[in-house]
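The residues making up each chain are set out below.
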Amino acid sequence: MTTIPSEPVETGKASLLYDPKIRGYFYQFAVLGIVAFLFYSAASNAIENLRAQNIASGLGFWNNAAGFDVNQKLIPFSASGSTYGQAFYVGLLNTLLVASIGIVLSTFLGFFVGVSRLSSNWVLSKLAMIYVEVIRNLPLLLQLFFWYNAVLKPLPNPRQSIDLPGGALLNNRGLYIPDPQLGPGGSLIIWAFVLGLVATIAFRFWARKQQAATGRQYPVGWVALGLILVLPFFVYLVTGRPVSFIYPELAGFNLRGGIQIFPEFVALLLGLTTYTAGFIAEVVRAGILAVSKGQTEAANALGLRAGPTLKLVVIPQAMRVIIPPLTSNYLNLTKNSSLAVAIGYPDLVQVFTGTVLNQTGQAVEVVAITMAVYLTISLVTSFFMNIYNKRMALVER
(Lines give C-alpha, C1' and ligand atoms only; values in the text may rest on other atoms or scores of the structure.)
Protein backbone atom coordinates (compact mmCIF):
# COMPACT_ATOMS: atom_id res chain seq x y z
CA MET A 1 0.00 0.00 0.00
CA THR A 2 1.47 3.25 -1.13
CA THR A 3 1.06 6.47 0.85
CA ILE A 4 0.55 9.70 -0.96
CA PRO A 5 2.72 12.41 0.56
CA SER A 6 0.73 15.41 1.72
CA GLU A 7 1.57 18.75 0.30
CA PRO A 8 3.04 21.21 2.79
CA VAL A 9 0.60 23.90 3.97
CA GLU A 10 1.81 27.44 3.55
CA THR A 11 1.74 29.31 6.89
CA GLY A 12 1.71 32.94 5.80
CA LYS A 13 1.18 35.86 8.16
CA ALA A 14 -2.42 36.66 9.14
CA SER A 15 -4.00 39.88 7.88
CA LEU A 16 -3.52 42.94 10.07
CA LEU A 17 -7.29 43.40 10.12
CA TYR A 18 -7.55 40.33 12.37
CA ASP A 19 -5.19 41.85 14.96
CA PRO A 20 -7.33 43.28 17.81
CA LYS A 21 -4.63 45.78 18.71
CA ILE A 22 -4.42 47.13 15.15
CA ARG A 23 -8.21 47.29 14.88
CA GLY A 24 -8.36 49.20 18.15
CA TYR A 25 -5.87 51.80 16.87
CA PHE A 26 -7.80 52.07 13.62
CA TYR A 27 -11.12 52.71 15.36
CA GLN A 28 -9.56 55.29 17.68
CA PHE A 29 -7.99 57.20 14.81
CA ALA A 30 -11.27 57.03 12.90
CA VAL A 31 -13.24 58.48 15.83
CA LEU A 32 -10.57 61.14 16.36
CA GLY A 33 -10.76 62.07 12.68
CA ILE A 34 -14.53 62.36 12.79
CA VAL A 35 -14.42 64.57 15.90
CA ALA A 36 -11.72 66.77 14.34
CA PHE A 37 -13.79 67.09 11.18
CA LEU A 38 -16.87 68.11 13.18
CA PHE A 39 -14.89 70.75 15.06
CA TYR A 40 -13.37 72.04 11.84
CA SER A 41 -16.78 72.24 10.19
CA ALA A 42 -18.28 74.07 13.17
CA ALA A 43 -15.37 76.52 13.32
CA SER A 44 -15.49 77.17 9.58
CA ASN A 45 -19.24 77.70 9.70
CA ALA A 46 -18.92 80.13 12.63
CA ILE A 47 -16.17 82.10 10.88
CA GLU A 48 -18.21 82.39 7.69
CA ASN A 49 -21.30 83.54 9.60
CA LEU A 50 -19.30 86.15 11.51
CA ARG A 51 -17.73 87.36 8.29
CA ALA A 52 -21.12 87.60 6.60
CA GLN A 53 -22.38 89.77 9.49
CA ASN A 54 -19.22 91.92 9.48
CA ILE A 55 -18.28 90.77 12.99
CA ALA A 56 -14.56 90.47 13.57
CA SER A 57 -13.48 87.41 15.53
CA GLY A 58 -11.05 87.65 18.43
CA LEU A 59 -10.87 89.57 21.69
CA GLY A 60 -10.66 93.04 20.20
CA PHE A 61 -13.90 93.97 21.93
CA TRP A 62 -12.38 93.41 25.40
CA ASN A 63 -11.19 97.00 25.85
CA ASN A 64 -14.12 98.69 24.11
CA ALA A 65 -16.43 100.94 26.14
CA ALA A 66 -19.30 98.98 27.69
CA GLY A 67 -21.91 101.75 27.74
CA PHE A 68 -24.09 100.12 30.41
CA ASP A 69 -24.17 100.03 34.19
CA VAL A 70 -24.57 97.23 36.76
CA ASN A 71 -26.42 97.75 40.03
CA GLN A 72 -24.37 95.36 42.18
CA LYS A 73 -20.60 95.61 41.71
CA LEU A 74 -17.66 94.79 43.95
CA ILE A 75 -15.23 96.83 41.84
CA PRO A 76 -15.65 100.32 40.32
CA PHE A 77 -17.80 100.16 37.18
CA SER A 78 -19.80 102.80 35.33
CA ALA A 79 -21.55 103.20 32.01
CA SER A 80 -19.25 105.99 30.85
CA GLY A 81 -15.71 104.85 31.54
CA SER A 82 -15.77 101.06 31.88
CA THR A 83 -14.97 98.37 29.32
CA TYR A 84 -16.38 94.97 28.43
CA GLY A 85 -13.40 93.40 30.17
CA GLN A 86 -14.32 95.14 33.40
CA ALA A 87 -17.91 93.97 32.95
CA PHE A 88 -16.57 90.41 32.81
CA TYR A 89 -14.81 90.85 36.15
CA VAL A 90 -17.94 92.41 37.70
CA GLY A 91 -20.03 89.39 36.70
CA LEU A 92 -17.33 86.94 37.77
CA LEU A 93 -16.98 88.48 41.23
CA ASN A 94 -20.76 88.49 41.70
CA THR A 95 -20.87 84.80 40.78
CA LEU A 96 -18.03 83.93 43.15
CA LEU A 97 -19.68 85.97 45.92
CA VAL A 98 -23.04 84.21 45.82
CA ALA A 99 -21.43 80.79 45.26
CA SER A 100 -18.98 81.07 48.16
CA ILE A 101 -21.59 82.35 50.63
CA GLY A 102 -24.09 79.77 49.38
CA ILE A 103 -21.63 76.92 49.89
CA VAL A 104 -20.98 77.93 53.50
CA LEU A 105 -24.66 78.46 54.40
CA SER A 106 -25.91 75.34 52.62
CA THR A 107 -23.26 73.24 54.37
CA PHE A 108 -24.36 74.36 57.84
CA LEU A 109 -28.07 74.06 57.00
CA GLY A 110 -27.60 70.71 55.26
CA PHE A 111 -25.69 69.22 58.20
CA PHE A 112 -28.32 70.46 60.64
CA VAL A 113 -31.21 69.02 58.61
CA GLY A 114 -29.36 65.76 57.95
CA VAL A 115 -28.65 65.19 61.63
CA SER A 116 -32.19 66.25 62.51
CA ARG A 117 -33.61 63.53 60.25
CA LEU A 118 -31.97 60.96 62.53
CA SER A 119 -33.02 62.72 65.74
CA SER A 120 -34.99 60.85 68.38
CA ASN A 121 -37.28 63.90 68.58
CA TRP A 122 -40.27 62.88 66.44
CA VAL A 123 -41.35 66.43 65.58
CA LEU A 124 -37.86 67.57 64.58
CA SER A 125 -37.27 64.42 62.53
CA LYS A 126 -40.54 64.76 60.62
CA LEU A 127 -40.02 68.48 59.97
CA ALA A 128 -36.58 67.71 58.54
CA MET A 129 -38.06 64.95 56.38
CA ILE A 130 -40.77 67.28 55.03
CA TYR A 131 -38.16 69.95 54.27
CA VAL A 132 -36.00 67.51 52.32
CA GLU A 133 -38.86 65.96 50.36
CA VAL A 134 -40.39 69.31 49.43
CA ILE A 135 -37.19 71.15 48.54
CA ARG A 136 -35.61 68.32 46.56
CA ASN A 137 -38.71 67.75 44.44
CA LEU A 138 -39.38 71.34 43.39
CA PRO A 139 -37.46 72.89 40.47
CA LEU A 140 -34.82 75.37 41.56
CA LEU A 141 -36.03 77.97 39.08
CA LEU A 142 -39.51 77.82 40.60
CA GLN A 143 -38.03 78.30 44.07
CA LEU A 144 -36.10 81.35 42.88
CA PHE A 145 -39.32 82.85 41.55
CA PHE A 146 -40.97 82.12 44.90
CA TRP A 147 -38.31 83.90 46.94
CA TYR A 148 -38.13 86.85 44.56
CA ASN A 149 -41.78 87.41 43.60
CA ALA A 150 -43.69 86.00 46.58
CA VAL A 151 -41.41 86.88 49.49
CA LEU A 152 -39.29 89.93 48.63
CA LYS A 153 -41.36 91.90 46.13
CA PRO A 154 -44.41 92.28 48.41
CA LEU A 155 -42.28 94.14 50.97
CA PRO A 156 -43.26 97.80 51.50
CA ASN A 157 -41.83 100.64 49.43
CA PRO A 158 -38.96 102.79 50.75
CA ARG A 159 -41.31 105.30 52.45
CA GLN A 160 -42.77 102.50 54.59
CA SER A 161 -39.46 100.71 55.21
CA ILE A 162 -39.32 98.23 58.06
CA ASP A 163 -36.99 99.38 60.85
CA LEU A 164 -34.58 96.65 61.96
CA PRO A 165 -32.22 96.62 64.96
CA GLY A 166 -28.95 98.44 64.46
CA GLY A 167 -30.31 101.11 62.13
CA ALA A 168 -31.01 98.77 59.19
CA LEU A 169 -34.01 99.25 56.91
CA LEU A 170 -35.88 96.67 54.82
CA ASN A 171 -38.10 97.35 51.81
CA ASN A 172 -38.84 96.02 48.33
CA ARG A 173 -35.63 97.53 47.01
CA GLY A 174 -33.43 95.55 49.36
CA LEU A 175 -31.86 95.59 52.78
CA TYR A 176 -30.02 98.76 53.79
CA ILE A 177 -27.44 98.40 56.55
CA PRO A 178 -25.12 101.01 58.11
CA ASP A 179 -21.93 101.67 56.16
CA PRO A 180 -18.83 101.51 58.43
CA GLN A 181 -16.22 104.23 57.95
CA LEU A 182 -12.71 103.63 59.27
CA GLY A 183 -10.90 106.56 60.81
CA PRO A 184 -7.22 106.87 61.78
CA GLY A 185 -6.10 103.58 63.28
CA GLY A 186 -9.12 101.71 61.94
CA SER A 187 -6.95 99.44 59.82
CA LEU A 188 -5.47 98.01 63.03
CA ILE A 189 -8.87 96.49 63.82
CA ILE A 190 -8.87 94.65 60.50
CA TRP A 191 -5.35 93.39 61.09
CA ALA A 192 -6.33 92.25 64.58
CA PHE A 193 -9.23 90.28 63.11
CA VAL A 194 -6.98 88.65 60.50
CA LEU A 195 -4.37 87.84 63.13
CA GLY A 196 -7.02 86.35 65.40
CA LEU A 197 -8.37 84.22 62.54
CA VAL A 198 -4.91 82.87 61.68
CA ALA A 199 -4.13 82.22 65.33
CA THR A 200 -7.43 80.37 65.74
CA ILE A 201 -6.67 78.07 62.81
CA ALA A 202 -3.16 77.40 64.14
CA PHE A 203 -4.48 76.68 67.65
CA ARG A 204 -7.11 74.33 66.25
CA PHE A 205 -4.48 72.25 64.42
CA TRP A 206 -2.29 72.19 67.52
CA ALA A 207 -5.22 71.15 69.73
CA ARG A 208 -6.14 68.31 67.36
CA LYS A 209 -2.58 66.99 67.40
CA GLN A 210 -2.46 67.18 71.17
CA GLN A 211 -5.78 65.36 71.45
CA ALA A 212 -4.58 62.62 69.10
CA ALA A 213 -1.35 62.23 71.08
CA THR A 214 -2.56 62.59 74.68
CA GLY A 215 -6.36 62.44 74.53
CA ARG A 216 -6.65 65.83 76.22
CA GLN A 217 -9.19 68.28 74.77
CA TYR A 218 -8.64 72.03 74.64
CA PRO A 219 -11.37 74.75 74.56
CA VAL A 220 -11.01 75.58 70.87
CA GLY A 221 -14.39 77.35 70.76
CA TRP A 222 -13.63 79.72 73.61
CA VAL A 223 -10.16 80.46 72.29
CA ALA A 224 -11.62 81.19 68.83
CA LEU A 225 -14.21 83.49 70.38
CA GLY A 226 -11.51 85.42 72.22
CA LEU A 227 -9.15 85.73 69.26
CA ILE A 228 -11.71 86.55 66.55
CA LEU A 229 -14.10 88.80 68.51
CA VAL A 230 -12.54 89.95 71.77
CA LEU A 231 -9.13 90.84 70.31
CA PRO A 232 -10.49 93.17 67.57
CA PHE A 233 -12.88 94.75 70.08
CA PHE A 234 -10.00 95.38 72.46
CA VAL A 235 -8.01 97.03 69.63
CA TYR A 236 -11.12 99.06 68.80
CA LEU A 237 -11.22 100.43 72.35
CA VAL A 238 -7.48 101.05 72.57
CA THR A 239 -7.36 102.99 69.29
CA GLY A 240 -10.11 105.33 70.46
CA ARG A 241 -13.08 103.80 68.64
CA PRO A 242 -12.04 104.89 65.13
CA VAL A 243 -15.13 103.44 63.44
CA SER A 244 -18.19 105.51 62.54
CA PHE A 245 -21.30 104.56 60.59
CA ILE A 246 -23.34 106.20 57.83
CA TYR A 247 -26.94 105.18 58.41
CA PRO A 248 -29.49 104.86 55.60
CA GLU A 249 -32.13 107.57 55.58
CA LEU A 250 -35.10 108.51 53.42
CA ALA A 251 -34.40 111.08 50.69
CA GLY A 252 -37.39 111.69 48.43
CA PHE A 253 -38.76 108.42 47.12
CA ASN A 254 -35.65 106.39 47.90
CA LEU A 255 -33.07 105.82 50.60
CA ARG A 256 -29.56 107.17 50.61
CA GLY A 257 -26.55 106.23 52.66
CA GLY A 258 -25.66 102.83 53.99
CA ILE A 259 -24.95 99.63 52.08
CA GLN A 260 -27.71 98.26 49.87
CA ILE A 261 -28.14 94.49 49.59
CA PHE A 262 -30.28 93.98 46.51
CA PRO A 263 -33.32 91.66 46.60
CA GLU A 264 -32.04 89.75 43.56
CA PHE A 265 -28.94 88.74 45.51
CA VAL A 266 -30.98 87.74 48.56
CA ALA A 267 -33.47 85.71 46.50
CA LEU A 268 -30.70 83.88 44.64
CA LEU A 269 -28.77 83.18 47.83
CA LEU A 270 -31.85 81.88 49.66
CA GLY A 271 -32.87 79.71 46.72
CA LEU A 272 -29.42 78.18 46.19
CA THR A 273 -28.87 77.66 49.93
CA THR A 274 -32.17 75.98 50.73
CA TYR A 275 -32.18 73.88 47.54
CA THR A 276 -28.61 72.60 47.91
CA ALA A 277 -29.05 72.04 51.65
CA GLY A 278 -31.82 69.55 50.89
CA PHE A 279 -29.39 67.38 48.92
CA ILE A 280 -26.55 67.83 51.42
CA ALA A 281 -28.93 66.71 54.20
CA GLU A 282 -29.47 63.36 52.48
CA VAL A 283 -25.72 62.99 51.95
CA VAL A 284 -25.10 63.64 55.65
CA ARG A 285 -27.84 61.21 56.69
CA ALA A 286 -26.40 58.49 54.45
CA GLY A 287 -22.90 59.10 55.80
CA ILE A 288 -24.04 58.81 59.41
CA LEU A 289 -25.98 55.62 58.69
CA ALA A 290 -22.87 54.19 57.01
CA VAL A 291 -21.03 54.24 60.35
CA SER A 292 -21.39 51.01 62.25
CA LYS A 293 -23.73 51.13 65.23
CA GLY A 294 -20.99 49.45 67.21
CA GLN A 295 -19.09 52.73 67.22
CA THR A 296 -21.98 54.49 68.96
CA GLU A 297 -22.42 51.62 71.41
CA ALA A 298 -18.70 51.69 72.23
CA ALA A 299 -18.84 55.44 72.83
CA ASN A 300 -21.87 55.01 75.10
CA ALA A 301 -20.02 52.29 77.00
CA LEU A 302 -17.20 54.77 77.64
CA GLY A 303 -19.70 57.22 79.12
CA LEU A 304 -19.97 59.66 76.21
CA ARG A 305 -23.28 61.42 75.80
CA ALA A 306 -25.15 61.68 72.49
CA GLY A 307 -23.72 65.08 71.53
CA PRO A 308 -20.01 64.26 72.05
CA THR A 309 -20.54 60.84 70.46
CA LEU A 310 -21.92 62.42 67.31
CA LYS A 311 -19.21 65.10 67.21
CA LEU A 312 -16.16 63.04 68.17
CA VAL A 313 -16.98 59.53 66.95
CA VAL A 314 -19.70 59.39 64.29
CA ILE A 315 -19.19 62.54 62.19
CA PRO A 316 -15.40 62.10 61.71
CA GLN A 317 -15.98 58.59 60.35
CA ALA A 318 -19.00 59.63 58.30
CA MET A 319 -16.99 62.37 56.56
CA ARG A 320 -15.20 59.70 54.52
CA VAL A 321 -18.54 58.88 52.93
CA ILE A 322 -19.90 62.44 52.88
CA ILE A 323 -17.06 64.34 51.18
CA PRO A 324 -17.25 62.91 47.59
CA PRO A 325 -20.99 63.60 47.05
CA LEU A 326 -20.63 66.85 49.02
CA THR A 327 -18.14 68.00 46.38
CA SER A 328 -20.69 67.32 43.66
CA ASN A 329 -23.26 69.44 45.48
CA TYR A 330 -20.79 72.31 45.76
CA LEU A 331 -20.18 72.13 42.00
CA ASN A 332 -23.91 72.01 41.31
CA LEU A 333 -24.51 75.09 43.48
CA THR A 334 -21.90 77.07 41.55
CA LYS A 335 -23.32 76.03 38.19
CA ASN A 336 -26.91 76.57 39.32
CA SER A 337 -26.02 80.17 40.13
CA SER A 338 -26.27 80.82 36.38
CA LEU A 339 -30.06 80.76 36.87
CA ALA A 340 -29.61 84.24 38.35
CA VAL A 341 -30.46 85.66 34.93
CA ALA A 342 -34.10 84.67 35.54
CA ILE A 343 -34.46 87.12 38.44
CA GLY A 344 -32.07 89.81 37.20
CA TYR A 345 -29.06 89.20 39.44
CA PRO A 346 -25.95 90.46 37.58
CA ASP A 347 -23.84 87.31 37.62
CA LEU A 348 -21.38 86.24 34.93
CA VAL A 349 -24.06 84.80 32.65
CA GLN A 350 -26.37 87.80 32.93
CA VAL A 351 -23.66 90.45 32.48
CA PHE A 352 -21.18 88.80 30.14
CA THR A 353 -23.08 86.12 28.24
CA GLY A 354 -26.18 88.31 28.17
CA THR A 355 -25.49 92.03 27.84
CA VAL A 356 -21.94 91.90 26.47
CA LEU A 357 -22.80 89.22 23.92
CA ASN A 358 -25.87 91.12 22.69
CA GLN A 359 -23.91 94.36 22.28
CA THR A 360 -20.79 92.91 20.65
CA GLY A 361 -22.14 89.90 18.78
CA GLN A 362 -19.01 87.94 19.74
CA ALA A 363 -21.00 84.81 20.57
CA VAL A 364 -18.18 82.29 20.10
CA GLU A 365 -15.64 84.17 22.20
CA VAL A 366 -18.06 85.16 24.96
CA VAL A 367 -19.58 81.69 25.35
CA ALA A 368 -16.16 80.02 25.21
CA ILE A 369 -14.78 82.31 27.94
CA THR A 370 -17.86 81.72 30.11
CA MET A 371 -17.58 77.95 29.73
CA ALA A 372 -13.86 78.10 30.56
CA VAL A 373 -14.60 80.11 33.72
CA TYR A 374 -17.16 77.62 35.05
CA LEU A 375 -14.84 74.74 34.14
CA THR A 376 -11.97 76.38 36.01
CA ILE A 377 -14.11 77.04 39.10
CA SER A 378 -15.26 73.42 39.12
CA LEU A 379 -11.72 72.04 38.72
CA VAL A 380 -10.33 74.27 41.47
CA THR A 381 -13.16 73.31 43.83
CA SER A 382 -12.64 69.62 43.07
CA PHE A 383 -8.88 69.97 43.59
CA PHE A 384 -9.19 71.38 47.12
CA MET A 385 -12.00 68.99 48.06
CA ASN A 386 -9.88 66.04 46.87
CA ILE A 387 -7.03 67.23 49.09
CA TYR A 388 -9.44 67.39 52.04
CA ASN A 389 -10.82 63.97 51.12
CA LYS A 390 -7.33 62.43 51.16
CA ARG A 391 -6.72 63.91 54.61
CA MET A 392 -9.93 62.38 55.91
CA ALA A 393 -9.42 59.02 54.19
CA LEU A 394 -8.81 55.94 56.32
CA VAL A 395 -5.09 55.19 56.55
CA GLU A 396 -4.22 51.52 56.83
CA ARG A 397 -1.39 50.57 59.15
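Residues numbered from 1 in each chain as written. Predicted model: local features only at pLDDT ≥ 70, side-chain atom pairs only at ≥ 80, totals over all residues. Heavy atoms only, no water.

A. Focus on the nonpolar core. Ranked by size, the top nonpolar core spans 35 residues in total, and within it V98, L268, M319 and I322 carry the most contacts. Of all the secondary structure elements, the ones that give two or more residues to this core are helix 2 (84-117), helix 4 (140-152), helix 7 (263-290), helix 9 (306-336) and helix 11 (363-392). With 10 residues, helix 7 is the single largest residue contributor to this core. Once residues lying within four places of it in the same chain are set aside, the contact partners of M319 are F111, Y388 and M392. (Core = buried A, V, L, I, M, F, W, Y, C linked by side-chain atoms within 4.5 Å. Buried < 20%, exposed > 50% of the residue type's maximum accessible area, 1.4 Å probe, protein only. Helix = DSSP H or I, 4+ residues; strand = E, 2+ residues; numbered from the N terminus. Contact = heavy atoms within 4.5 Å.)

B. A look at the environment of F205. Structurally, the position occupied by F205 is in helix 5 (residues 186-214). For F205, a relative accessible area of 35% translates into the label partly exposed. Here the alpha-carbon distance between F205 and A277, two residues 72 residues apart in the chain, equals 28 Å.

C. Representation of the side chain of S82. Summarising the element assignment, S82 is placed in the loop between helix 1 (20-52) and helix 2. Engagement of the side chain of S82 in a polar contact is seen with the backbone nitrogen of S78, the distance being 2.8 Å. Ignoring anything within four residues of it in the chain, the contact list for S82 reads N64, A65, A66, P76 and F77. (Polar contact = N/O pair within 3.5 Å; in protein donor to acceptor, adjacent residues only side chain to side chain.)

D. Up close: the pattern of salt bridges. Across all of its chains, the model carries 4 salt bridges by this definition. For R117, the salt bridge goes to E282, with nearest N and O atoms at 2.6 Å. Here E282 lies in helix 7 and R117 lies in helix 2, a separation of 165 residues in the sequence. We note that R117, like E282, is buried. Overlapping salt bridges, with partners in common, bring together R117, E282 and R285 in one network. (Salt bridge = Lys/Arg side-chain N within 4 Å of Asp/Glu carboxyl O.)

E. Geometry of the sheet that holds strand 2 (residues 168-171). Spatial ordering of the open sheet is given by 1-2-3-8, a layout of 4 strands whose pairing is antiparallel. Sheet topology places strand 1 (162-164) and strand 8 (259-261) at the edges, where each strand pairs with a single neighbour. The average undirected angle you get between the axes of adjacent strands in this sheet is 25 degrees. By the bridge criterion, 3 bridges tie strand 3 (residues 174-177) to strand 8 in an arrangement that is antiparallel. Each residue of the ladder has a partner; that of I177, found in strand 8, is I259. (Pairing = 2+ DSSP bridges. Axes fitted to C-alpha atoms, helices over the stretch in contact; angles between N-to-C directions.)

F. Geometry of a positive patch on the surface. Together, R204, R208, K209 and R391 make up a positively charged patch on the protein surface. Topologically, R391 is positioned in helix 11. The class of R391 is exposed, set by a relative accessible area of 56%. (Patch = residues over 30% accessible without salt bridge, like charges linked within 9 Å, V, L, I, M, F, W, Y side chains within 5 Å. Areas by Shrake-Rupley, 256 points an atom, 1.4 Å probe, with all protein chains shown as cover. Lys, Arg positive; Asp, Glu negative; His and termini not counted. Charge placed at Lys NZ, Arg CZ, Asp CG, Glu CD.)

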